Every structure is written in C-alpha cells, then in structure tokens.
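Spelled out from the first residue to the last, the chains are:
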Amino acid sequence: ERHLLSIGTNSSTMRLAYDSTNNRAILAFASSSFNNEGVAYVYKPSNESIGTRTTHTTGSANGYNGVQGDFYETAQRLVVVTQNVNDSNHGYVAIGTVSGTTLTWGTPIEFSEGSAITGAVSLVYDATVGKCVIFYRVDNGAAKYRVIDAIDTSDNSCTFGSAANWNGGHGASYIQPKYDPDEQKIVIFFSDLESGLSSRLSGIVGTLNGGANTVSFGTKKYFDTTTSGYILASYDTIHKLFVVVYTVGNDGKAKAIKVDGTTLGPVANQTTTTGDGHVETTFRSNVGYLGLAYDRY
C-alpha cells in the first residue's frame, strides 16, 4: 500500500482506466480539495511515478458513477464522462492526451443535449468496432446511450451519433457497461428502475453498429429479485464470463454471468441458483463501496 496523493478525494467517484500499450493507469475523480472539480492523474506502476494534477471538468463532478473513464485505443486518447453540477447537471465528455505522466485535455463537450442527467453515467470501449458508447440516465427519466463517432486528435474534440433509449424507455441506476472480447458484445449491468421491478440487478446485451452509430439490444434478464446497488463487473478472460459484484441491503453479493448469443445465460454446471439461473454468493456482510479487478495470471 502506498500513499499516492495528498489531496481530498470523493472516494465514491474515483475511477481508473488502464493504458496497456504504455503500462500506465489514469485516476479520474472529483476532488474535495478543489470544490469537487473533476481532476485526473497519470500513474506509472513501473517506477511508481505520478504526474501533475490536471483538470478535465471545470466545476463539480458529482454523483455515484459521477466520473467514469476508458481508453479510446483507436485514437489513443483517454475519454472521461461526468455529470457537471455547475451546469445544471448536464452530461459532459472530456478527451485527454497522455504523454508519459502528463495529461492534456480538450474542451469538455456536452453529450446530454441540454438535459440534466443523474450520476449514473458510464462508458465502454468496443475494441472490435473501435468506438466508445456512453450510457446514462436523463434526470427522472429514461436510460439512454450515445456513441462517440469520431475523435479529432488535433484538438481532442469529438462528434456523436444520436441519443436513444436502451431500457425500453425506463430508467436505470448503477449503470455498468462492459465489453466481452470473445463474443464481441457490449453488456450493460444495472439496477432496473422499470416500474414493479424493485431496482433488481439486471443485464442486457448490446451489439454496436459502428457505421450507423447505433446499438441493438437483446432480451433483458434479471439476476436478483430484490433492490441491488453499487454494481461492478469484470470480465474473466480464462473462463470467458463476467463476475458481477453488488450489494443487497448491507450484504456484498457476487454472480458469474455469461453471454449467450444476444442474451445472458447461466454458467455451465451451476446447480444452486437464484434469479435467472445464476449462482449467488454472499462474500461479505456489512459492506459499503465496492471495488473489483480481475487477475488474469
């Protein structure tokens, strides 16, 4: 364990993105030392060096899942999305260039088309198509997505496809999109706000059409019948499945979930099942925020 930073962090908003080409990690979060401004650092594990603080969103980055990042490999750029409370909670994307442990940012661009969004904002990079997709929820409204069509590397700006619904016009929270490199699909795990579904852990498979900048979705599945929160997912490259951790009440739960075509199915040889045929494990009682990483070695 190492003390990296001597500034205040809002722990619920801290997120990491990894640049595998150059072996460096990017920390993006809202800093309580700087009026909740969205800030970022580059960290090199090889020599434990950390770069100078940079600002990706002037104002305040807010909410659980309020700062999310991924590395856009096609353009070799870092992409961060956030809810900016200093601009009526509109959604913004900031694009950064990483050089060594230095980050430089383009001007943040609004993606929410003048609408306020909740803190349930995230994004995923589809390595097959070579584009990022932003998933978010309009405040008190529907869950939406928007494809980042292209990045202009001269000024770190970008263009978008049109915004569209992805949960049948219903809301979603704790949105966690992940990419399945074996099935070449995007999977979105989330707490479902459809009326009567009790915010249960749900999932849906998406197929990105890069030419049209649209995503087609399979059949939505649920994996728990009770209110679920703090959802995180990681892909197991050996067993080719997702491990999803989340909370029910004060308990930390985990499930193994596999993509089956355009839907989500149980992992083979499971005998003790709950929800939609998936084994549920309680790994810890009395938990708060969760973190999850996969060790492929």
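From a predicted model like this one, the values you see are computed outputs, not experimental measurements.

**Q** Where do I start with the pattern of salt bridges in this structure?
**A** A side chain with one charge may pair with a side chain of the opposite charge, provided their charged atoms come close. Evaluation of the coordinates by the stated rule reveals five salt bridges. Lys220 is the salt-bridge partner of Asp192, the closest N and O atoms lying 2.7 Å from each other. Of this pair, Asp192 sits in strand β17 (residues 185-192) while Lys220 sits in the loop between β19 (214-217) and β20 (221-222); the two residues are 28 residues apart in sequence, bridging distant segments of the chain. Judged by relative accessible area, Asp192 falls into the buried class, the value being 1%. Lys220 is the partner of Glu194 in a salt bridge, and the nearest nitrogen-oxygen pair spans 2.7 Å.

**Q** What is the right way to read unusual backbone geometry from this model?
**A** Residues other than glycine predominantly adopt negative phi, and peptide bonds predominantly adopt the trans conformation. The phi torsion at Tyr230 lies on the positive side, around 50°, for a residue other than glycine. Topologically, Tyr230 is positioned in strand β21 (residues 229-236). The backbone phi angle of Lys240 is positive, close to 60°, even though this residue is not glycine. Among the residues examined, Lys240 registers a relative accessible area of 37% and is labelled partly exposed.

**Q** I tried to follow the confidence of the model for the chain on my own but got confused; where do I start?
**A** When pLDDT is averaged along the chain, the result is 83, and 86% of the positions lie at 70 or above. Between residues 268-277, whose pLDDT stays under 50, and residues either more than four places distant or in other chains, the model counts 19 contacts.

**Q** Could you clarify how one ought to interpret the nonpolar core in this entry?
**A** One recurring pattern in soluble globular proteins is that nonpolar side chains are buried together. In terms of nonpolar packing, the biggest core is built from 19 residues, with Tyr72, Val79, Val93, Phe111, Ile134, Ile148 and Ile151 touching the most fellow members. Breaking this core down by element, the ones donating at least two residues are β7 (77-84), β8 (90-99), β11 (122-126), β12 (131-137), β13 (143-152) and β14 (157-160). Top contributing element to this core by residue count: β12, with three residues. Here Ile134 is in contact with Val81, Phe111, Val121, Ser122, Leu123, Lys144, Tyr145, Arg146, Ile148 and Phe160, once residues within four sequence places are set aside.

**Q** Would you mind going over the packing of aromatic side chains with me for this structure?
**A** Aromatic rings in a pair are described by how distant their centres are and how their planes are angled relative to each other. Applying the stated criterion across every chain yields a total of 10 aromatic pairs. Taking the centre distance of 6.3 Å and the plane angle of 40° together, the rings of Phe135 and Tyr145 count as tilted. One end of the pair, Phe135, is in strand β12; the other, Tyr145, is in strand β13, with 10 residues separating them in the sequence. Taking relative accessible area as the criterion, Phe135 reaches 0% and is therefore assigned buried. The buried category is assigned to Tyr145, whose relative accessible area is 4%.

**Q** Sorry if this is basic, but what is going on with the environment of Glu73 here?
**A** Its place among the elements puts Glu73 in the loop between β6 (67-72) and β7. Glu73 sits 59 residues away from Cys132 along the chain, and the two C-alpha atoms are 9.6 Å apart.

Definitions and cut-offs
Residues numbered from 1 in each chain as written. Predicted model: local features only at pLDDT ≥ 70, side-chain atom pairs only at ≥ 80, totals over all residues. Heavy atoms only, no water. Salt bridge = Lys/Arg side-chain N within 4 Å of Asp/Glu carboxyl O. Helix = DSSP H or I, 4+ residues; strand = E, 2+ residues; numbered from the N terminus. Buried < 20%, exposed > 50% of the residue type's maximum accessible area, 1.4 Å probe, protein only. pLDDT = per-residue confidence, 0-100. Contact = heavy atoms within 4.5 Å. Core = buried A, V, L, I, M, F, W, Y, C linked by side-chain atoms within 4.5 Å. Phe/Tyr/Trp six-rings, centres within 6.5 Å; stacked < 30°, edge-to-face > 60°.

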